[in-house]
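Remarks on the overall topology
Listed here are the chains, written in short residue letters.
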Amino acid sequence: MQKRVARPKKKMSFKGRDVISIRDFNKQEILHVLRTAEKMEKNRKPLLKGKILATLFFEPSTRTRLSFESAMHRLGGRVIGFADPSVSSTAKGESLPDSIKIVEGYADVIVIRHPLEGAARVAAEAASVPVINGGDGANQHPTQTFLDLYTIKKTKGKLSGLKVGFLGDLKYGRTVHSLAHALSYFGVEMYFISPESLRMPDDDLYELKQKGVKYHEVKDLKKVIGKLDVLYATRIQKERFPDPLEYKKVKDAYILDRSLLKGVKKDLKILHPLPRVNEINYNIDDTPHAAYFGQARNGVPVRQALLALVLGVEA
Amino acid sequence: MKELRVSAIKDGTVIDHIPSKSTFKVVEVLNLSKLDDAVMVAQNLKSKKMKLKGIVKVAGKELTQEEVNKIALLAPTATVNIIKNYSVRKKMNLELPEMLKGIIKCANPKCITNNDMVETKFHVRSTKPLRVQCHYCERYMTENDLEIL
Ligand SMILES: Nc1ncnc2c1ncn2[C@@H]1O[C@H](COP(=O)(O)OP(=O)(O)OP(=O)(O)O)[C@@H](O)[C@H]1O
Ligand SMILES: [Mg+2]
Ligand SMILES: [Zn+2]
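One structure accompanies this document, and this report is about it.

Reading the values: rules and limits
Residues numbered from 1 in each chain as written. Chains lettered and ligands numbered in written order. Predicted model: local features only at pLDDT ≥ 70, side-chain atom pairs only at ≥ 80, totals over all residues. Heavy atoms only, no water. Donors = N, O, S within 2.8 Å, 3.2 Å for Na, K, Ca; no water. Tetrahedral: all angles 85-135°; square planar, octahedral: opposite > 155°, others 65-115°. Buried < 20%, exposed > 50% of the residue type's maximum accessible area, 1.4 Å probe, protein only. Contact = heavy atoms within 4.5 Å. Buried area = accessible area lost by both parts, 1.4 Å probe. Salt bridge = Lys/Arg side-chain N within 4 Å of Asp/Glu carboxyl O. Polar contact = N/O pair within 3.5 Å; in protein donor to acceptor, adjacent residues only side chain to side chain. 1 Å grid on protein atoms, 1.4 Å probe; cavity = no way out; pocket = protein on both sides within 12 Å on 5 of 7 lines; lining within 4 Å. Points joined across faces, edges and corners; volume = space filled by probe spheres on them. Nonpolar A, V, L, I, M, F, W, Y, C, P; charged D, E, K, R; others polar.

**A closer look at the coordination of the zinc ion (ligand 3)**
All names here are of chain B. Here the zinc ion (ligand 3) is held by C106 (SG), C111 (SG), C134 (SG) and C137 (SG), and the distances to it run 2.3 to 2.4 Å. The coordination sphere of the zinc ion (ligand 3) comprises four donor atoms, whose angles at the metal cover 100 to 119°; the geometry is tetrahedral. Donor residues for the zinc ion (ligand 3), ordered by position in the chain, follow C-x4-C-x22-C-x2-C. A relative accessible area of 2% places C134 in the buried class. A residue is classified by how much of its surface remains accessible, and C137, at 2% relative accessible area, is buried.

Spelled out as structure tokens, the structure:
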């Protein structure tokens, strides 16, 4: 046999892969997903004609489900599934791996949303078809993270070297943890802006430190808002506070209002995973800073990209 | 007084210097109660190296490194001696494996492993200090959170 001299460049393979946690993707892979999403916006081809997606929603989430369905339909595929866990066999006591082993016979790819943390990983280990995590409790929601990244890249033209602020509930906000993790590949400087009681968890800060991320923890938004290229706002939920007085105290300090935007960079972009309650005033919606509605729309091309990639179809 | 000899075995394994309280846990984790050959268990023995120790002697079975590693968490002080023809042939060191399967419980009540028929798996991220991460819910745990199954 002839000796091979020049090795062909290793092609990134997504075929058959699961999308469970943003931690499973390296920088090159993340960028490949974002590039594929961009192509999805430009050309509409029925790349997944004849394929079936099963959406298993063990916990209701209308937006995530509709966005996946829309993505699959746009690619010419079909969707089966349930949106109400009470109709599933799990309600009758079936174990999750068993449920998945049945469903994999009906579909080419599975999206699962589940209230228990780690459920998507369990599903992926049980299934022979690719599994995409549509949210597992407070743990991961990787397609949200990909669409957040896509939105930043699209509105800022790049990810590298940005100054990104995270605002509000940084303790329980899983979108924040995952996004910070993903942005750590891109030399982003991070500002964690929250009340003491809703600080970024130590485990996440530890991980960021290990990766050499430059970050700052701040209580006062006014002090840093002028430095930011991106502000990622989250909801502060009343239920998180044992003391209602404490909630009242912090709530208003973390509301984004037009008056706060006086000293900001002209091209500051504000993101929010939505739905918002009152943390972004409506008077911001028609400013060039508001990127949150575009962000929600971006869910479709990003999910199209992931569906096509794991099914081994090139855009 | 010479160290107490529970009993001599011809071939097998002696696990010595187990923290006394963990002795029966070691028996459990290694599933020794299922064996047909003699298994001798002693706890609250006086020891020069530690306050009180336990010893487990298993006749007719040479524990593998993989099995031995299962007790690295609950009995880090243990020494493992392989006995051949009544004498110590080999001493094995305990090494914490990269992945702990079915040994510890996840501290997160909302973790799937606490709610479904799924064996726990933990990645050992660092040993000193000990930090492990649940393969499923991705939570980190430290020494203080550990609960042996
Ligand atoms: N044939 C045997 N049957 C049962 N137990 C044995 C046998 N040979 C040795 N042991 C036990 O195995 C352990 C290790 O034996 P060893 O002779 O190496 O003692 P040691 O020098 O005190 O070792 P260590 O420094 O690990 O305590 C001791 O607890 C000893 O009682
Ligand atoms: Mg001794
Ligand atoms: Zn867990």
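That shown, we press on.
**Section: the interface of chain A and chain B**
Between chain A and chain B, the residue contacts involve 20 residues of the former and 16 residues of the latter. Together, A:L116, A:E117 and A:D203 form the three largest contributors to the area buried by chain A at its contact with chain B, with a combined 35%. In this structure, the connection of chain A to chain B is made through five salt bridges. The partner of A:R23 in a salt bridge is B:E138, with the nearest N and O atoms 2.6 Å apart. Inspection of the region where chain A meets chain B yields 13 residue pairs in polar contact (both at pLDDT 80 or more).

**A few points about empty space enclosed by the protein**
Residues and elements named next belong to chain A. Tallied over the entire structure, the rule returns two cavities of 30 Å³ or more. Quantified by volume, the largest cavity comes out at close to 70 Å³. Lining the largest cavity are K39, M40, N43, R44, K45, L47, R74, L75, Q304 and A315. In the lining of the largest cavity, the residues fall into four nonpolar, two polar and four charged. Roughly 50 Å³ of internal volume is contained in the second largest cavity. Together, I236, K251, Y254, I255, N278 and E279 line the second largest cavity.

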